[in-house]
Amino acid sequence: MNINQRLERSFKPRFAVIYPFALFFILFCYPDEVSIRAGIGFIIAGLLIRLWSNGYAIKNDKLTTSGPYAFVRNPLYLGTFLLAIGFVIVLKSANPLIEWIAGGLFLIALSTIYFFTIREEQGMLLARYKQAYSDYCKHVPAMIPCLIPYSKGEKWPFNLQRLINSKEHKTVFWIYILLVLFHLKTRLLIEHKNLTDKSWILIIIAVTLIILDAAYEINKKK
């Protein structure tokens, strides 16, 4: 993805919605042990669903009905939404009312964006795959997984190389790094405490992930 493509992607509606809320959370919110325990499960679930999905997704070339796509039509969006819920729970502010209003508005805005995005994509997929996609929609929900997997359609196994090509590891890396940064904000700026051995271990892992990500990008360009 070149710079122009990155800029174009950055100004898509769903990202434009995220930016102002992200700025609010970065400036005014912080996690603590209780909020992390309450929300980390949603973040982990969201990441696992996205990793699972990218090991099956063949975008634009085939109608993907394998893996998580047999249970829900948009598992990547579902994973992202779980991530959003997790961060809304993990991050708290000095004013709980403002915190929950901002978090609620963020989730409503994200839901609205996904509603229109999914509807637009459904039109394109229906035009391309016709009856096959129509039957798929009848049996598989858009965002809430069903219990019985969809058995029709072409099936293929999870592919690690497909997952690597999706660069979903970058999402995992940077969410971890972001959580470490929020931890440091809480420790140093909110609680005014020194860093513990645990904090330094988290920092070392975060720095290692940054180096690995930079090495990946350099190697890809070569």
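In what follows, the structure referred to is the one given above.
Description of the structure in this document. (Residues numbered from 1 in each chain as written. Predicted model: local features only at pLDDT ≥ 70, side-chain atom pairs only at ≥ 80, totals over all residues. Heavy atoms only, no water.)

### Some points on the pattern of salt bridges
Short version of the rule: Criterion for a salt bridge: a side-chain nitrogen of Lys or Arg within 4 Å of a carboxyl oxygen of Asp or Glu. A helix here means a DSSP run of H or I that spans at least four residues, while a strand means a run of E at least two residues long, and both kinds are numbered starting from the N terminus. Buried, partly exposed and exposed residues are distinguished by accessible area as a fraction of the type maximum, computed with a 1.4 Å probe on protein chains only: under 20%, between the cut-offs, and over 50%, respectively.
Tallied over the entire structure, the rule returns seven salt bridges. Where arginine 50 meets glutamate 168, a salt bridge forms, and the shortest distance between an N and an O atom there is 2.6 Å. With arginine 50 in helix 3 (residues 33-54) and glutamate 168 in helix 8 (residues 168-190), this pair connects stretches of sequence that are 118 residues apart. Residue glutamate 168 is classed as buried on the basis of its relative accessible area of 3%. The closest approach of N and O atoms between aspartate 213 and lysine 170, which form a salt bridge, is 2.7 Å. Of this pair, aspartate 213 sits in helix 9 (residues 197-221) while lysine 170 is found in helix 8, placing the two residues 43 residues apart along the sequence. Residues aspartate 213 and lysine 170 agree in their burial class; the two are buried. Overlapping salt bridges, with partners in common, bring together Lys170, Asp213 and Glu217 in one network.

### Looking at helix 6 (residues 131-139)
Quick reminder of the rule: Starting at the helix axis, one direction is taken to each C-beta atom, and the arc is that of these directions. Contacts: residue pairs with any heavy atoms within 4.5 Å of one another.
Within helix 6, burial applies to Tyr133, Asp135 and Tyr136. Along the axis of helix 6, the buried residues cluster in a sector spanning 160 degrees; they form a single face. In helix 6, the exposed residues that point more than 90 degrees away from the buried face are Gln131 and Lys138. The inward-facing, buried residues of helix 6 abut helix 5 (96-129).

### Quick word on the layout of surface pockets
The following threshold applies: The definitions used throughout rest on a 1 Å grid laid over the protein atoms alone, on which a cavity is an enclosed set of points accommodating a 1.4 Å probe that cannot get out and a pocket is an open set flanked by protein within 12 Å on both sides along at least five of seven lines; lining residues are those having an atom within 4 Å of a point. Grid points are joined across faces, edges and corners, and a volume is the space filled by probe spheres set on the points.
Size it by volume and the second largest pocket reaches roughly 570 Å³. Contributing to the lining of the second largest pocket are 24 residues, with Glu33, Ile36, His183, Lys198 and Leu202 lying nearest its centre. Sort the elements by how many residues they give to the lining of the second largest pocket and helix 8 lands first, with eight residues.

### Thoughts on the nonpolar core
Applied cut-off: Nonpolar core, defined: a set of buried Ala, Val, Leu, Ile, Met, Phe, Trp, Tyr and Cys residues in which side-chain atoms within 4.5 Å join the residues together.
Ranked by size, the top nonpolar core spans 25 residues in total, and within it Phe25, Ile43, Leu91, Phe106, Leu107, Leu110 and Ile175 carry the most contacts. Elements that contribute at least two residues to this core include exactly helix 2 (13-28), helix 3, helix 4 (75-90), helix 5 and helix 8. Per-element accounting of this core gives the leading share, eight residues, to helix 4. If near-sequence neighbours (up to four positions away) are discounted, leucine 110 is found in contact with Val17, Ile18, Phe81 and Ala84. Counting residues in each nonpolar core, the second largest holds 13 residues, with Ala57, Ile58, Ala70 and Tyr136 among its members.

### Quick word on the side chain of glutamate 168
Note the threshold: Residues adjacent in sequence count toward polar contacts only when both atoms are side-chain atoms; beyond that, a polar contact is any pair of N or O atoms within 3.5 Å, and within protein one must be able to donate a hydrogen and the other to accept it.
There is a polar contact of 2.6 Å between the side chain of glutamate 168 and the side chain of arginine 50. Here asparagine 54 takes part through its side chain, which lies 3.0 Å from a polar atom of the side chain of glutamate 168. Excluding anything up to four places from it in sequence, glutamate 168 contacts Arg50, Leu51, Asn54 and Leu163.

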